[in-house]
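Chain by chain, the residues run as shown.
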Amino acid sequence: MCKKNKCSIYTSNPITHSPNKLDLFSDAVTAQSRYVQDPKSQEWIPGPNVTATVISFGCGTTSDTFNRLAKGADGMAGLGRSQFSLVAQLAASFHFPSKFALYLSQQAGFMFFGNRPYTAFREGDLAKGISYTPFLINPKHSDEYFINVKSISIDGEIIPINKTLLAINENNGVGGTRVSTIVPSTTMETSIYKAFVSAYVKKAEAMNISRVDPVAPYDACFNASTFVVMRGGLRLPTVSLGLPDNVEWRILDQRNIVRNVDPNMLCLDFMDGGLNPRTSIVIGQGTLLLTLLEFDMKKSRLGFRPYDI
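Here is a short report on the structure shown in this document. Owing to the predicted nature of the structure, the values given are computational and were not obtained by experimental measurement.

### Here we look at helix 2 (residues 86-94)
Along an α-helix, residues three or four positions apart point the same way, because every turn accommodates 3.6 residues.
Piece 1. Listed as buried for helix 2 are Val 87, Ala 88, Gln 89, Leu 90 and Ala 91.
Piece 2. For helix 2, the secondary structure elements touched by its buried residues are strand 6 (49-59), strand 7 (99-104) and strand 8 (109-113).

Below, the structure is given as structure tokens:
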């Protein structure tokens, strides 16, 4: 919306969902290009800075604009499947496909825009061995990232759930599985969640992992001293998401599955999403940790590869 040479846009805070009217501006954005390999030393060195001369963004000053964002955050970057997202604007500026890669961890994180190789921290291409699964288009939420999860298994045993909840209703957009960097923990529709927790607890107890009284907001917590420590981490039941074409997304690392509540307790980091949620499964930040994710809009697919840096 423009009035007297001043333009505004409407958006919402992704945490509180409160609507906001922001002033629209444009400016140059400079970022470091990916690491490159020095031809003489073969060392990986930072690439040169590159600049997009015109990137549009909204600027707001009300408390609702930043309410409940991460500590120290000065704004939000739109990464959805929209022609106005930062991804689409950078792709148009630099003439590369509309795609980006994301890596989150408790120690470090980074993003890449454009094509491979994805190189960081003097490493080679982090996407080697990456697996892919197609995106689904939700007719009511076309700017979000949905994938076709067909089953959930723990240590190879498929959990019995209502499969109709895994499909997207074409009339109202309800159901299915969405990937979100905003939701802290993966959430599941109540019946899926209860079946998942029950199966996980049984597998854990079979490994002599003792359950203890839970601490809110968690429902399944365990005695930390009963976990077996192996090379690279704890011995845990392996959670797998079954995807089309026999592709599996295996959630292996302890930091993706359990959360340290205190030195003596670990809790299953999944949440009850309620009886009638808009989306049956939302794969949240906790599950996405230590996984390189490639969001490729041109080929309409999600790439994923566990990677511990």
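### A closer look at the state of the cysteines
Piece 1. On inspection of all chains with the given rule, the structure shows one disulfide.
Piece 2. Across the disulfide from Cys 221 sits Cys 267; the S-S distance is 2.1 Å. Across the S-S bond of Cys 221 and Cys 267 the torsion is about 100 degrees, and the bridge reads as right-handed. Placement of the pair is Cys 221 in strand 16 (residues 221-223) and Cys 267 in strand 22 (residues 265-268), with a sequence separation of 46 residues.
Piece 3. In this structure Cys 221 comes out as buried when scored by relative accessible area, which is 0%.
Piece 4. The class for Cys 267 is buried, based on a relative accessible area of 0%.

### Some remarks on the nonpolar core
Piece 1. Ile 147, Ile 152, Phe 196, Tyr 200, Trp 249, Ile 257 and Phe 295 are the most contacted members of the largest nonpolar core, which has 46 residues in total.
Piece 2. Broken down by element, the residue count for this core peaks at seven residues, all from helix 3 (residues 190-206).
Piece 3. Filtering out sequence-adjacent residues up to four positions away, Ile 147 remains in contact with Thr 133, Pro 134, Phe 135, Leu 136, Thr 177, Val 179, Leu 243, Trp 249, Ile 283 and Leu 302.

### Section: the sheet that holds strand 23 (residues 270-272)
Paired through backbone hydrogen bonds, the strands of a sheet run either parallel or antiparallel to each other.
Piece 1. The strand order across the open sheet formed by 10 strands is 8-7-25-26-9-10-13-24-14-23, and the pairing between neighbours is mixed. Strand pairing shows two members of the sheet lacking a second neighbour, strand 8 and strand 23, which therefore form its edges. Each neighbouring strand pair of the sheet contributes to a mean axis angle of 30 degrees, computed without reference to strand direction.
Piece 2. One ladder, built from six bridges, connects strand 25 (residues 291-296) with strand 26 (residues 301-306); its direction is antiparallel. By the bridge assignment, Asp 296 is partnered in strand 26 with Arg 301.
Piece 3. Running at roughly 135 degrees to strand 23, helix 3 makes contact with strand 14 (186-188), strand 23 and strand 24 (281-283) of the sheet.

### Observations regarding the packing of aromatic side chains
Piece 1. Tallying each qualifying case throughout the model produces 15 aromatic pairs.
Piece 2. Ring centres of Phe 100 and Phe 113 lie 6.3 Å apart, and the angle between their planes is 35 degrees; on these two criteria the pair is classed as tilted. Separated by 13 residues along the polypeptide, Phe 100 in strand 7 and Phe 113 in strand 8 bring together distant segments of the chain.
Piece 3. Residue Phe 100 is classed as buried on the basis of its relative accessible area of 2%.
Piece 4. A relative accessible area of 27% means that Phe 113 is categorised as partly exposed.
Piece 5. Where Phe 135 meets Phe 295, the ring centres are 6.4 Å apart and the plane angle is 20 degrees; that geometry is what we call stacked. With a gap of 160 residues between them, Phe 135 in strand 9 (residues 131-136) and Phe 295 in strand 25 connect regions that are remote in the sequence. No difference in accessibility class separates Phe 135 from Phe 295, as the two residues are buried.

### Overview of the layout of surface pockets
Piece 1. Of the volumes computed, that of the second largest pocket is approximately 520 Å³.
Piece 2. Along the wall of the second largest pocket there are 21 residues; nearest its centre are Gln 32, Ser 33, Arg 34, Val 50 and Phe 113.
Piece 3. Elements represented by at least two residues in the lining of the second largest pocket include exactly strand 3 (19-32), strand 6, helix 2 and strand 8.
Piece 4. Of the residues in the lining of the second largest pocket, the class split is 14 nonpolar, six polar and one charged.

About the criteria used
Residues numbered from 1 in each chain as written. Predicted model: local features only at pLDDT ≥ 70, side-chain atom pairs only at ≥ 80, totals over all residues. Heavy atoms only, no water. Buried < 20%, exposed > 50% of the residue type's maximum accessible area, 1.4 Å probe, protein only. Helix = DSSP H or I, 4+ residues; strand = E, 2+ residues; numbered from the N terminus. Contact = heavy atoms within 4.5 Å. Disulfide = S-S within 2.5 Å. Core = buried A, V, L, I, M, F, W, Y, C linked by side-chain atoms within 4.5 Å. Pairing = 2+ DSSP bridges. Axes fitted to C-alpha atoms, helices over the stretch in contact; angles between N-to-C directions. Phe/Tyr/Trp six-rings, centres within 6.5 Å; stacked < 30°, edge-to-face > 60°. 1 Å grid on protein atoms, 1.4 Å probe; cavity = no way out; pocket = protein on both sides within 12 Å on 5 of 7 lines; lining within 4 Å. Points joined across faces, edges and corners; volume = space filled by probe spheres on them. Nonpolar A, V, L, I, M, F, W, Y, C, P; charged D, E, K, R; others polar.

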